[in-house]
Amino acid sequence: MIANKKRTLAFLFASLMSPLACSLQHPQRIVVASKNFPEQILLGEIAAQLIEGHYGTKVTVCRRLNLGDTLRVHHALLAKQVDLYPEYTGTAFTTVLNHSWNLSEDRLSVLKEVQKEYRDSMQIEWLDPLGFDNPWGMVVRLEDVQSGPPKEVLKLSAAVERKDGKTYHLIVGREFLERPDGYTSLVAAYPIRWKGPPKPAASLPNIYNQMEPEGMIAWSVTDAQATAPFVVLEDNKNAFPPYQACFVVRAEILERVPGLRHILESLKSRICQDAIRGMNVRVFQCWAKTGTKADETEITSNEQNQMVRCATQEASAFLKALGASTPSRPSCVTAGQLGDNRDGR
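Residues numbered from 1 in each chain as written. Predicted model: local features only at pLDDT ≥ 70, side-chain atom pairs only at ≥ 80, totals over all residues. Heavy atoms only, no water.

(A) Looking closely at the overall build of the protein chain. Looking only at helices and strands, one finds 14 helices and 11 strands in the protein chain. Across the protein chain, every contact between residues at least 6 apart in sequence was considered, and the portion connecting residues at least 24 apart equals 82%. A total accessible area of about 15000 Å² is found for the protein chain, and carbon and sulfur atoms account for 53% of it. (Helix = DSSP H or I, 4+ residues; strand = E, 2+ residues; numbered from the N terminus. Contact = heavy atoms within 4.5 Å. Areas by Shrake-Rupley, 256 points an atom, 1.4 Å probe, with all protein chains shown as cover.)

Set out below in structure tokens:
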């Protein structure tokens, strides 16, 4: 308990000092943030290294990766504490803008709506989609379905409308329970009976082996597919909105740094679904070497550091594959990398 309090106090102090540390750098600086799970850190690193590779010493890039959940990072963007971070259209549509998910809305209409509202009311720009979605998904272990029907017909509706009367254990990330596009949307679309209350978890690496029979996980699809042989059940009732990945950037920084929009939009449609899945797999494999546990209270600062290192390595490899130049090391790394480690898409 005392050790946890010390880590919390140390993080809070470092978080307060991070903006000051950045302010002492080159006046032409860009603060890149991310939410607190591996894919977000990976995307934040890709943006940071891409900017560093293009501008060199003309721009100082400060990192506040692994900063926290959706609203924490969004509020930091509004407060001008950070300049850009990766976000998902469905998350912004429901959690930030507080819109109800209408099943008749499509990917393009959701994207255009968030682009317009962010630009008009917040002076924040949504750049072009990166090329992949990361939706919520309901997943089960492969061995739990191998003797059942083919994967093609594993629909969520069929899984929950069981004739044998059995119920499922539900494992979730914290945000899934809190956000309007999470648990609320799920139970509105599907008549699921759970075996006890949902069990919270902070990370996926060790959940697979700890799952009991008849277990179901609500998690982001790309993360789930990266960590273990999970089977994603088809959301055939469209309980969840589309989640196209994009960078959101303060309009002021796009005006102040010439060519920044062009640099970031060079990634438009360059990260396809298979590419992000492969990168996530390698990041999770690297991170799992720390022995990270499913219980969120057991994730340590060292494990967080390892997650950031794994994502940094993968981001460098990705940009090299694209032919982009990358720096030998970051120009400015702040303690914001060691943010809140709970799940937060």
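(B) Region of the structure containing the nonpolar core. Residues Ile 46 and Ile 51 are the most contacted members of the largest nonpolar core, which totals 64 residues. In terms of residue count, the dominant contributor to this core is helix α2 (residues 38–55) (nine residues). The contact partners of Ile 51, leaving out residues within four places of it in the chain, are Ile 30, Val 32, Gly 56, Val 59, Val 61, Leu 84, Leu 260 and Leu 264. Listed in part, the 23 residues of the second largest apolar core include Ala 76, Val 82, Trp 126 and Val 248. (Core = buried A, V, L, I, M, F, W, Y, C linked by side-chain atoms within 4.5 Å. Buried < 20%, exposed > 50% of the residue type's maximum accessible area, 1.4 Å probe, protein only.)

(C) Layout of α2. The first and last C-alpha atoms of α2 sit 26 Å apart over 18 residues, in line with the 26 Å expected at 1.5 Å per residue. With 16 of 18 residues buried, α2 is to be regarded as a mostly interior element. Once α2 finishes, Gly 56 follows within two positions and takes phi at roughly 60°, a positive value. (Expected span 1.5 Å × (residues − 1).)

(D) Region of interest: the environment of Asn 305. If you trace the backbone, Asn 305 turns up in helix α14 (residues 301–321). Once the C-alpha coordinates of Asn 305 and Trp 287 are considered, the two residues, 18 residues apart in sequence, prove to be 9.4 Å apart.

(E) Structural detail: the state of the cysteines. In the structure shown here, the tally under the stated rule is one disulfide. With a sulfur-sulfur separation of 2.0 Å, Cys 286 is cross-linked through a disulfide to Cys 310. Classification of the bridge connecting Cys 286 and Cys 310 rests on its S-S torsion, roughly -75°, and on that basis the disulfide is left-handed. Of this pair, Cys 286 sits in helix α13 (residues 273–288) while Cys 310 sits in helix α14, placing them 24 residues apart in sequence. When sorted by exposure, Cys 286 lands in the same class as Cys 310, which is buried. (Disulfide = S-S within 2.5 Å.)

(F) Spatial organisation of the environment of Trp 219. In this structure, Trp 219 sits in strand β8 (residues 215–220). Distance from Trp 219 to Val 232, taken between C-alpha atoms, is 9.8 Å for residues 13 residues apart in sequence.

(G) Summary view of the sheet that holds strand β5 (residues 136–141). An order of β7-β6-β8-β5-β9 is seen for the five strands of this open sheet, with the pairing classed as mixed. This sheet does not close on itself; its edge strands, each paired only once, are β7 (199–200) and β9 (230–233). In terms of strand pairing, strand β6 (residues 169–172) meets β7 through two bridges, oriented parallel. Bridge pairing in β7 places Ile 171 opposite Lys 199. (Pairing = 2+ DSSP bridges.)

(H) Quick peek at the side chain of Ser 34. Considering the arrangement of structural elements, one finds Ser 34 in strand β1 (residues 29–35). With relative accessibility at 0%, the residue Ser 34 sits in the buried group. Within the structure, the side chain of Ser 34 is placed 3.0 Å from the backbone nitrogen of Asn 66, a separation counted as a polar contact. (Polar contact = N/O pair within 3.5 Å; in protein donor to acceptor, adjacent residues only side chain to side chain.)

(I) Region of interest: unusual backbone geometry. If you check the backbone angles, Asn 66 has positive phi at about 60° while not being a glycine. On the accessibility criterion, Asn 66 (0% relative accessible area) is buried.

(J) How the structure looks around helix α5 (residues 107–122). Taking 1.5 Å as the rise per residue, α5 with 16 residues should run 22 Å; its terminal C-alpha atoms sit 22 Å apart, in good agreement. All of the buried residues in α5 are Val 110, Leu 111, Val 114, Gln 115, Tyr 118 and Met 122. All buried residues of α5 project into a common sector of 130° when viewed along the axis, lining one side. In α5, the exposed positions angled more than 90 degrees off the buried face are occupied by Lys 112 and Ser 121. For α5, the elements touching its buried residues are α3 (70–78), α4 (89–96), β4 (124–126) and β10 (245–250). (Arc of directions from axis to C-beta.)

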